[in-house]
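Chain by chain, the residues:
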Amino acid sequence: MSDFPLVELHSTSIQIIDGDRGVNYPKKTEFSEQGYCLFLDSSNLTKNGFDFSSKTFISKAVDERMGKGRLQRGDLVMNTRGTIGNIGLYSDNIPFESVRINSGMVIIRGGKDYDTRFLYLFLRSNLFFLQTKNLMSGSVQKQLPVSVIKYVKLPKVNLPTQQKIAAVLSALDAKIELNQRINAELESMAKTLYDYWFVQFAPHKSAGGKMVWNEELKRNVPAGWEVKTLGTVCDIYQPKTISEKEMMSDGKYLVFGANGIVGRYDKFNHVESEIVITCRGASCGNILRTRPNSWITGNAMVIHSTSESISSEFVFQALGWLDIRKVITGSAQPQITRTNLVPLKLLVPPTEILQKFNEFCKPNVEKRLSILRENDQLTELRDWLLPMLMNGQVKVS
């Protein structure tokens, strides 16, 4: 039982703000990899805040014609479709000055009676999610409308106590965020290594290796290297989507994927992560890696290397240098199919070079996975403490 009284969100000074969904909403052709304003999609929000490993932008002109939906520092952003409830805090540490939400998100702007970080912690907790499920009459949750969010009850706590609770839990968040930055650096190192070896061909050139013109790629490449299609070196498949009830019946699981629709990961029985490409919706074309033994959405395509010498890390980096978005079809509903992906061309070096690359990358991959496991433990600790602090079961002095 809570020691704090509860109050419905709509009766506080907190604002819930939708994005612009009208005629001014950006068209597919108006999105780009660089630009004036970062346009968020579902992949940019996780359980532990923002993730900017993939980014989409709009121009200043498109941004200025739009109405509501622009972020202010201190705003919270929440997914209301797909991966419902994933949330990020637009703090001073976020390196983008102009940011907008897409049509499947809302902005939650703290008022004078709520500390932003306290509110951020509450909105990520089961105290919030259990209420939204109950308010939606137990139906399979596909969307989280404002009409539901505004009736959620939150603890009415004085500001000094809110700030003390936030300070305790924010220390854990700070460690999680530091680990995320370390992993981002490790990702960057792997990308730089791939670029140096397989895009610039620097080691080959410095050793006096011969370069030859490749007609398929329309560029000079090292002599003896082969061009192979993605379909010849990888198994490409789309998982079967299952219901939330089926997923829960299998016990503990890791949720992964676009739009929060979960698919059964049942084709390969091992502990490695898999490469996936989101193949529907606003995040279509994003290239991501799962956690080991993850569930993978039916809205993503799994790219699994079938070659002993071609590692998952090599394929992931190679895909990052391809323009995956060029194979997207459909205007009203963007999608990528297996047929589109199979003929994509990869430049593959001899086996001995692949082995050296794999040896360089192995410690990097293991470190990234170790950090992810540590973040899981920190998240569990935070989520265990959070309801007790917010219910007043554990006091802060």
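Scroll up for the structure.
Residues numbered from 1 in each chain as written. Predicted model: local features only at pLDDT ≥ 70, side-chain atom pairs only at ≥ 80, totals over all residues. Heavy atoms only, no water.

### A short note on the overall build of the protein chain
Assigned secondary structure in the protein chain consists of 11 helices and 19 strands. Once local pairs closer than 6 in sequence are excluded, the contacts in the protein chain between residues at least 24 apart make up 73%. Carbon and sulfur atoms form 53% of the exposed surface of the protein chain, whose accessible area is close to 19,900 Å². (Helix = DSSP H or I, 4+ residues; strand = E, 2+ residues; numbered from the N terminus. Contact = heavy atoms within 4.5 Å. Areas by Shrake-Rupley, 256 points an atom, 1.4 Å probe, with all protein chains shown as cover.)

### A closer look at the environment of Ser-11
Looking at where Ser-11 falls in the secondary structure, it is placed in the loop between β1 (6-8) and β2 (15-18). Between the C-alpha atom of Ser-11 and that of Lys-153, which follows or precedes it by 142 residues, the distance is 9.7 Å. From its side chain, Ser-11 meets the backbone oxygen of Glu-8 in a polar contact 2.6 Å long. (Polar contact = N/O pair within 3.5 Å; in protein donor to acceptor, adjacent residues only side chain to side chain.)

### Regarding the pattern of salt bridges
What the rule picks out here adds up to 16 salt bridges. The partner of Asp-63 in a salt bridge is Arg-100, with the nearest N and O atoms 2.6 Å apart. On the criterion of sequence distance, the pair formed by Asp-63 in helix α1 (residues 60-65) and Arg-100 in strand β9 (residues 99-100) is long-range, its members being 37 residues apart. For Arg-100, a relative accessible area of 3% gives the class buried. Notably, a salt bridge pairs Lys-175 with Glu-374, separated by 4.0 Å at the nearest N-O pair. (Salt bridge = Lys/Arg side-chain N within 4 Å of Asp/Glu carboxyl O. Buried < 20%, exposed > 50% of the residue type's maximum accessible area, 1.4 Å probe, protein only.)

### Considering the sheet that holds strand β6 (residues 57-58)
Strand order across the open sheet formed by three strands is β6-β3-β9, with mixed pairing between neighbours. Either end of the sheet is taken by a strand with one partner, and the two such strands are β6 and β9. Across two bridges, the pairing between strand β3 (residues 37-39) and β6 is antiparallel. Directly across from Leu-38, in β6, lies its bridge partner Phe-57. (Pairing = 2+ DSSP bridges.)

### Brief notes about the packing of aromatic side chains
Counted according to the given criterion, the structure contains 19 aromatic pairs. For the ring pair Tyr-194 and Phe-357, a centre distance of 6.2 Å and an interplane angle of 75° mean the geometry is edge-to-face. Note that Tyr-194 is positioned in helix α5 (residues 159-198) and Phe-357 in helix α11 (residues 351-390), a separation of 163 residues in sequence. The same class applies to Tyr-194 as to Phe-357, namely buried. Taking 5.2 Å as the distance between ring centres and 80° as the angle between the ring planes, the aromatic pair formed by Phe-198 and Phe-314 counts as edge-to-face. Taken together, the positions of Phe-198 in helix α5 and Phe-314 in helix α9 (residues 312-320) put the pair 116 residues apart, joining distant regions of the chain. Ring pairing ties together the aromatic residues Tyr-194, Trp-197, Phe-198, Phe-201, Trp-225, Phe-314, Phe-357 and Phe-360, which thus form one cluster. Between the NZ or CZ atom of Arg-124 and the centre of the ring of Tyr-120, over which it lies, the distance is 4.1 Å. Against the face of Phe-316 rests Arg-289, its NZ or CZ located 3.7 Å from the ring centre. (Phe/Tyr/Trp six-rings, centres within 6.5 Å; stacked < 30°, edge-to-face > 60°. Lys NZ or Arg CZ within 6 Å of the ring centre and 35° of its normal.)

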